[in-house]
Amino acid sequence: MIKIAKDFSEFPGGRYPKDGDGNGTDFRENHLVPVLNSGEKAVIDLDGAQGYPSSFLEEAFGGLVRMGFTAENIFDTFSFVANDPGFKRFIDLIRQHIERATSQLETAN
Amino acid sequence: MDFWQTVFAAGLGAFIATMGKSWLTHIVGVAKLDESLRDYDVGLAKKIIFETRDLAVEYWQLEADDEKLPVIDAAVDGRLTFLGQLLERLFAAETLLLRRINLQLNKFHDAVTDGNFGVSGRTAEPNRAKRIEIESFKLAHETVVCRRKMPRKFFRIF
């Protein structure tokens, strides 16, 4: 279980390390990639954070696609929990960013 | 039936009628209050949508070194999170309407915070104003339409 607010940051935001704590690159590199490389599965708990800007979600999850992980691999590895009011929609946003990054990659190739 | 039995029966009838009327008034009144609160929430949601729009338009006009940016960034984030909570509470009982609202809310959320939102060293993108404006009005419209589609409450017992 990866609880973003507790294990990473209560204030996720920004894309790159230069953008400060809670950026998408650090979350991807330190929390998502190790799980994908291990072949295990993980639940990502979105509750407790103050919100998720699209730029953070795109960098963290869309970035996985640009690193070479397939959407199928990502969806197979991670499941999501969001019980805070108004947070379920972030799961849809994550899916959209993964699918968008996949189609952008396919268009580019 | 003697006199006192008649008086007792009439008193009991009047008491039951009064209690029944009070109870009906109460459940209709509570339902009216629920409807008023829903309308209030829609008004509040529209206010937050357009506040967020104004902040976002200002945000994307500024260059990365402007010292106002972190403040606007936080104000936008806070409003978007609150808006999601407010709309989910409003449409919690109507799954299809909530789904419609969340689809449009996510488009607005993307218009405001995708790309280089929160990225240091970014350049201003004043052209995003058009997309932000369009998605904000679409969200306001969707909120009003979905509110009108909610089944109206005429009474609520509990």
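Residues numbered from 1 in each chain as written. Chains lettered and ligands numbered in written order. Predicted model: local features only at pLDDT ≥ 70, side-chain atom pairs only at ≥ 80, totals over all residues.

**Side note on the overall build of chain A**
Counting its secondary structure elements, chain A contains five helices and three strands. Secondary structure elements of chain A, listed N to C terminal, follow the sequence β-α-α-β-α-α-β-α. Its C-alpha atoms give chain A a radius of gyration of 13 Å, within 12% of the compact-globule value 13 Å for 109 residues. Each principal axis of the C-alpha distribution contributes one length, and for chain A these read about 40 × 30 × 25 Å. (Helix = DSSP H or I, 4+ residues; strand = E, 2+ residues; numbered from the N terminus. Rg over C-alpha atoms; globule rule 2.2 N^0.38 Å.)

**Concerning the confidence of the model for chain B**
Averaged over chain B, the pLDDT score is 92; the fraction of residues at 70 or greater is 97%. Mean pLDDT per element in chain B: helix H1 (residues 3-61) of chain B is the minimum at 92, and helix H4 (residues 128-149) of chain B is the maximum at 97. (pLDDT = per-residue confidence, 0-100.)

**Observations regarding the sheet that holds strand S2 (residues 42-45) of chain A**
Residues and elements named next belong to chain A. If you trace the three strands from one edge of the open sheet to the other, you get S1-S2-S3, paired in parallel fashion. Two strands close off the open sheet at either side, each with one partner strand: strand S1 (2-3) and strand S3 (78-81). Examined bridge by bridge, S2 and S3 share four bridges and lie parallel to one another. Paired with Ile44 across the bridge in S3 is Phe80. (Pairing = 2+ DSSP bridges.)

**Some points on helix H3 (residues 95-113) of chain B**
With 19 residues, H3 of chain B extends 26 Å from end C-alpha to end C-alpha; this agrees with the ideal 27 Å at 1.5 Å per step. Within the sequence span of H3 of chain B, burial applies to Leu97, Leu98, Ile101, Asn102, Gln104, Leu105, Phe108, His109, Asp110, Ala111, Val112 and Thr113 of chain B. Residues of H3 of chain B that are buried make contact with helix H3 (54-67) and helix H5 (88-108) of chain A together with H1, helix H2 (69-90) and H4 of chain B. Just downstream of H3 of chain B lies Gly115 of chain B, where phi reads positive at about 65°. (Expected span 1.5 Å × (residues − 1). Buried ≥ 20, exposed ≤ 12 C-beta atoms within 10 Å, placed from the backbone. Contact = placed C-beta atoms within 7 Å.)

**Digging into the nonpolar core**
All names here are of chain B. Counting residues in each nonpolar core, the largest one holds 23 residues, and the members touching the most others are Ala56, Leu87, Phe91, Ile101 and Val112. Going through the elements one at a time, H1, H2, H3 and H4 are the ones with two or more residues in this core. If near-sequence neighbours (up to four positions away) are discounted, Val112 is found in contact with Thr52, Ala56, Val76, Leu80 and Ile132. (Core = buried A, V, L, I, M, F, W, Y, C linked by C-beta atoms within 7 Å.)

**A short note on H1 of chain B**
Residue and element names in this part refer to chain B. Here H1 contains 59 residues, and its C-alpha end-to-end distance of 87 Å stays within 8% of the 87 Å for a straight helix at 1.5 Å per residue. When H1 is considered as a whole, its buried residues turn out to be Val42, Ala45, Ile49, Thr52, Arg53, Leu55, Ala56, Tyr59 and Trp60. Its buried side turned inward, H1 meets H2, H3 and H4.

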